[in-house]
Amino acid sequence: MSENVDTTLAPRMTRPPSSRLSRLFESRQLGWVALGIAVSAPFVIATPYALNVMTTAAIFVLLASGLNIVVGYCGLLDLGYIAFMAVGAYTSGIIAKAFDLPLIFTIPAVLVMTVLAGLIIGAPTLRLRSDYLAIVTLGFGEITRITANNLTVTGGPSGIFGIPGLLKIGDFDLQSPAVFYYVTVIIVAGFVLAAARLGRSRLGRAWRFVREDEDAAEAMGIHTYRVKLLAYIFGAIWGGFGGLLFAAHLSAVSPQSFIFLQSALVLMAVVLGGMGNMRGVVIGALVISLLPELLRDLAAYRYLAFGLLLIVVMVFRPQGFWPSLGYEPERRKPDIPDPAGATEASR
Amino acid sequence: MSAVLAVTDLQIAFGGVKAVDGLSFSVQEREIIAVIGPNGAGKTSAFNCITGFYKPTAGAVILGGKDITGKRPADIAAAGISRTFQNLRLFPDLTVLDNVRAGMHLYGGQNWADAIFHTPRFTRSEGAYTAEAHHWLDFVGYEGARGVPIRNLSYGQQKQVEIARALARKSGLLLLDEPAAGLNYAEKQGLLSLCRRIRDLGTAIVLIEHDMGLVMKLSERIVVMNFGRAIAEGTPAEVKLNQAVIEAYLGKDDEEVASHGDA
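Position numbers for residues count from 1 along each chain, tracking the sequence in the order it is written. As a convention, the first chain written is A and the first ligand written is 1, with the rest following in written order. Only residues with pLDDT of at least 70 are given local features in this predicted model, and only at 80 or more are side-chain atom pairs given and counted; all residues enter the totals for whole chains, interfaces and linings.

An unreviewed UniProt entry lists chain B under the name ABC transporter ATP-binding protein, from Cryobacterium fucosi.

The name given to chain A in an unreviewed UniProt entry is Branched-chain amino acid ABC transporter permease, with the source organism recorded as Cryobacterium fucosi. UniProt positions are given in the numbering used here, feature names are shortened, and annotations may be inferred rather than shown by experiment. Turning to chain A, the UniProt record has this under Subcellular location (unreviewed entry): "Cell membrane".

1. Thoughts on the overall build of chain A
Numbering of helices and strands runs from the N terminus; a helix is a DSSP stretch of H or I covering at least four residues, while a strand is a stretch of E covering at least two. Summing up its helical and strand segments, chain A has 13 helices and 4 strands in all. Three classes are used. A residue is buried when 20 or more other C-beta atoms lie within 10 Å of its own, exposed when 12 or fewer do, and partly exposed in between, with C-beta atoms placed from the backbone. By residue count, 48% of the 347 residues in chain A fall in the buried class. Remark: residues whose backbone-derived C-beta atoms lie within 7 Å of one another are considered to be in contact. Taking contacts inside chain A between residues at least 6 apart in sequence as the whole, the part at least 24 apart equals 79%.

2. Examining the domain arrangement of chain B
All names here are of chain B. Just so you know, the domain bounds were taken from an automatic or database domain assignment. Splitting chain B by domain gives domain 1 (1-80 + 171-263) and domain 2 (93-169). Here domain 1 and domain 2 have C-alpha centroids that lie 28 Å from each other. Listed by partner, the interface residues are 11 residues for domain 1 and 10 residues for domain 2. The biggest single contributor to the side of domain 1 that touches domain 2 is helix α7 (residues 185-200), with 4 residues.

3. Structural notes on the sheet that holds strand β2 (residues 17-28) of chain B
Residues and elements named next belong to chain B. For two strands to count as paired, DSSP must find a minimum of two bridges between them. Spatial strand order, β2-β1-β4-β5: 4 strands in an open sheet with antiparallel pairing. Every interior strand has two partners, whereas the edge strands, β2 and β5 (66-67), have only one. Relative to strand β4 (residues 58-63), strand β1 (residues 3-14) runs antiparallel, the two being bridged by 5 bridges. Bridge pairing links Q11 to A58 in β4.

4. Thoughts on the interface of chain B and chain A
When the parts come together, some accessible area is lost, and that loss is often what is quoted as the size of the interface. On the side of chain A, 40 residues touch chain B, which itself brings 50 residues to the contact. Elements represented by at least two residues in the side of chain B that touches chain A include exactly α2 (73-79), α3 (96-102), α4 (112-117) and α5 (120-139) of chain B. For the side of chain B that touches chain A, the leading source of residues is α5 of chain B, giving 8 residues. Split by residue class, the side of chain B that touches chain A holds 23 nonpolar, 18 polar and 9 charged. All amino acids are sorted into three groups, where Ala, Val, Leu, Ile, Met, Phe, Trp, Tyr, Cys and Pro are nonpolar, Asp, Glu, Lys and Arg are charged, and the leftover types, Gly among them, are polar.

5. Overview of helix α6 (residues 155-168) of chain B
Residues and elements named next belong to chain B. One less than the residue count of a helix, multiplied by 1.5 Å, gives the span that helix is expected to have. With 14 residues, α6 should cover 20 Å at 1.5 Å per step; its first-to-last C-alpha distance of 20 Å lies within 8% of that length. Among the 14 residues that make up α6, 11 are buried, leaving the element largely enclosed by the rest of the structure. Within the span of α6, buried status applies to Q158, K159, Q160, V161, E162, I163, A164, R165, A166, L167 and A168. For α6, the secondary structure elements touched by its buried residues are β6 (81-83), α3, α5, β7 (173-177) and α7. Positioned one or two residues after α6, K170 has a phi angle of 50°, which is positive.

6. Some thoughts on the packing of α5 of chain B against α6 of chain B
Residues and elements named next belong to chain B. The N-to-C vectors of α5 and α6 enclose an angle of 125°; their axes lie 9 Å apart at closest approach. Relative to α6, α5 is oriented oblique. Handedness of the crossing formed by α5 with α6: right-handed. Contact with α5, carried on its side by E132, W136, L137 and F139, involves A164, L167 and A168 of α6 and no other residues of that element. Looking at side-chain class alone, the contact of α5 with α6 contains 6 nonpolar, no polar and 1 charged residues. Here, axes are lines fitted to C-alpha atoms. For helices the fit covers the stretch in contact, and angles between N-to-C directions go from 0 to 180 degrees. In what follows, roughly perpendicular refers to angles from 65 to 115 degrees, roughly parallel to angles under 35, roughly antiparallel to angles over 145, and oblique to any angle outside these ranges. Should the near helix be turned anticlockwise from the far one by less than a right angle, the crossing is left-handed, and should it be turned clockwise, the crossing is right-handed.

7. Side note on the UniProt feature "domain: ABC transporter" (unreviewed entry) in chain B
Those residues carrying the UniProt feature "domain: ABC transporter" (unreviewed entry) are residues 5-252 of chain B in this numbering. Here residues 5-252 of chain B is 40% helix and 24% strand, with 33 Å between the C-alpha atoms at its ends.

8. Some words on the sheet that holds β6 of chain B
Residues and elements named next belong to chain B. With respect to topology, 6 strands assemble into an open sheet ordered β6-β7-β8-β3-β9-β10, the strand pairing being mixed. Two strands lie at the open edges of the sheet, namely β6 and β10 (229-234), each paired on one side alone. Strand after strand, the sheet turns through a mean of 20° between neighbouring axes, direction not considered. Relative to strand β8 (residues 204-208), strand β3 (residues 32-36) runs parallel, the two sharing 4 bridges. Within β8, the residue paired with I32 across the bridge is I205.

9. Concerning unusual backbone geometry
Residue and element names in this part refer to chain B. Residues other than glycine seldom take positive phi values, yet D9 does so here, at roughly 50°. If you trace the backbone, D9 turns up in strand β1. For D9, a count of 14 C-beta atoms within 10 Å puts it in the partly exposed group. Look at F227: it is not a glycine, yet its phi comes out positive at around 50°.

10. Description of the confidence of the model for chain B
All names here are of chain B. A residue-level look at chain B finds 95% of positions with pLDDT of 70 or above and a mean pLDDT of 90. A residue's pLDDT is simply how confident the predictor is in it, with values from 0 to 100. Note that pLDDT drops below 50 for residues 257-263; the model gives that stretch 11 contacts with residues more than four away or on any other chain. Model confidence for the complex is summarised by a pTM of 0.89, with the ipTM given as 0.91.

11. Quick look at the UniProt feature "transmembrane region" (unreviewed entry) in chain A
Residue and element names in this part refer to chain A. According to UniProt, the positions carrying the feature "transmembrane region" (unreviewed entry) are residues 30-51, 57-90, 102-123, 179-198, 229-252, 258-291 and 303-322. A helix fraction of 86% and a strand fraction of 0% characterise residues 30-51, whose end C-alpha atoms lie 23 Å from each other. Each end of residues 179-198 is marked by a C-alpha atom, and these two atoms are 29 Å apart; helix forms 100% of the span and strand 0%.

12. Details of helix α4 (residues 82-99) of chain A
Residue and element names in this part refer to chain A. In this model α4 runs 26 Å from its N-terminal to its C-terminal C-alpha over 18 residues, within 8% of the 26 Å that 1.5 Å per residue would give. For α4, the tally of buried residues reaches 15 of 18 residues, placing the bulk of the element in the interior. Downstream of α4 by a residue or two, D100 has a phi angle that is positive, lying close to 50°.

13. Section: the environment of F14 of chain B
Tracing the backbone through its elements, the reader meets F14 of chain B in strand β1. Spatially, the C-alpha atoms of F14 of chain B and R72 of chain B are 19 Å apart, while their sequence positions differ by 58 residues.

14. Overview of the nonpolar core
Residues and elements named next belong to chain A. As used throughout, a nonpolar core is a set of buried Ala, Val, Leu, Ile, Met, Phe, Trp, Tyr and Cys residues joined through C-beta atoms within 7 Å of each other. Within the largest apolar cluster, 172 residues are counted, with the highest numbers of intra-cluster contacts made by V61 and A231. Element by element, the count of residues in this core is highest for helix α10 (residues 224-250), at 15 residues. Once residues lying within four places of it in the same chain are set aside, the contact partners of A231 are I69, V70, Y73, C74, L76 and W207.

15. Observations regarding the packing of α4 of chain A against helix α6 (residues 130-150) of chain A
Residue and element names in this part refer to chain A. Contact geometry for α4 and α6: axes closest at 8 Å, N-to-C directions at 30°. Considered as vectors, α4 and α6 are oriented roughly parallel to each other. Contacts from I82, A83, A86, V87 and Y90 in α4 reach F140, G141, T144, R145 and A148 in α6.

Here it is in structure tokens:
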């Protein structure tokens, strides 16, 4: 039996949306509404502090959507996800600083390095299942951070600072807070959309088959190891781009940003939002990243309140705010003829 | 008639227990073969060795002239064997259609870039996947809802979906592990005609089954297993009268040799 997923966390919604409200929540246009909210947010509040918080939240959404590919779709519990963000952040930071390049030109290098990191961490660990995988990924996460802490090229404990901005053409600087916020929102929206689309494809289905029952998936000819590695690599790319945006946002990278707590927070966003459903995960990520800021008035008690709230949510809604839907439309497409050759055995 | 599957001297041991101990049999094209035997005779272990879930300690499995012994289950499935499991192994939280789509994974037709950019190729292949899924559900005579999660279905319906999923693989050989277990009389009759229709598609079937009535009616040849090896092989009529088989099922020195009706 596949023990990859705790079935108490698995989606359980079992009937089509009955009310108009729930149909609205499943509508395809909802993504545009979310994008609209993100775009108009600076018109409501645009203090440097607010823009800073919103940009951080957007980056956090990107991280959560990447981890959702690994944990939500494929059911691989990854406790060291922040390592990929570290790889992305350090790669872009080091290269941009060394060659004094705008950060945007480090994208190919970030892609290569994160794919490599995904392969290096994934290849040996993905033969393991459930708990063992979690422990090994936890180890890799810490190894990455400690390595960054001790190497000279990464600047040791103090990290790298003075990282060049994303891009500057004449007077137009992508790095000015409001512009950078919009750039981040556009990039993050693209990645979230891509992750959601991947989830609805043949590959996304294969990930779910692996999550639900690895042996049965294997019996259907799905090379489970390869499919899991792909989930890992996609997760790594998403995390790497999160790192690149992070480096651009703070213009500094240090090992303290990649502690285990960060991995745990991203995982929390995925679980709280609803594993496997990109919409839920976006909400979860926003809650995890914005709530501590909104609770700032409670001063020292804010993390207590935050923790209590998480516990309450998990007790009363273990499947997350917005779990993935367990049904699909029944209608048939009559215009597609019965597939020719369906009755033919092929060997 | 050429052999689709040839199993020779298959062996697997778990510690000291030889679950399969020198099993040999072959399957011809468009043939329905039943593997019967008392519980613990090694039937399911043999299936697991053939499909790669267990690595046989000795012996060979040849599929259509290709040696597939000890390969990965996914490679064996790709080589042309599809199977069902003794205890349903569906994807409980996924919809009926998605479960059947699992059998179509090897059709390909799209890659991840198609999925991200929703190319025409992607739309086309998704449409084909859905149409085929409906086709195979129709083929097995599934009449329930198709967009709901598998966990909402009755046991009989789940069994139908599992066969539809295996059929969607479109392989030349289908292994069914106790397809009739837990089914009522009407459902068993449906299974009987379904197996014949599958055979008519050009697919050979090997089934493990305890329901002797079904086995006798359906199979063209029967392989009887006990203690990990084949103790008899032949047509249903031959097997029925075979002394070794009677002893395996009823014990030695028992004069009341019952007809193997519904066991």
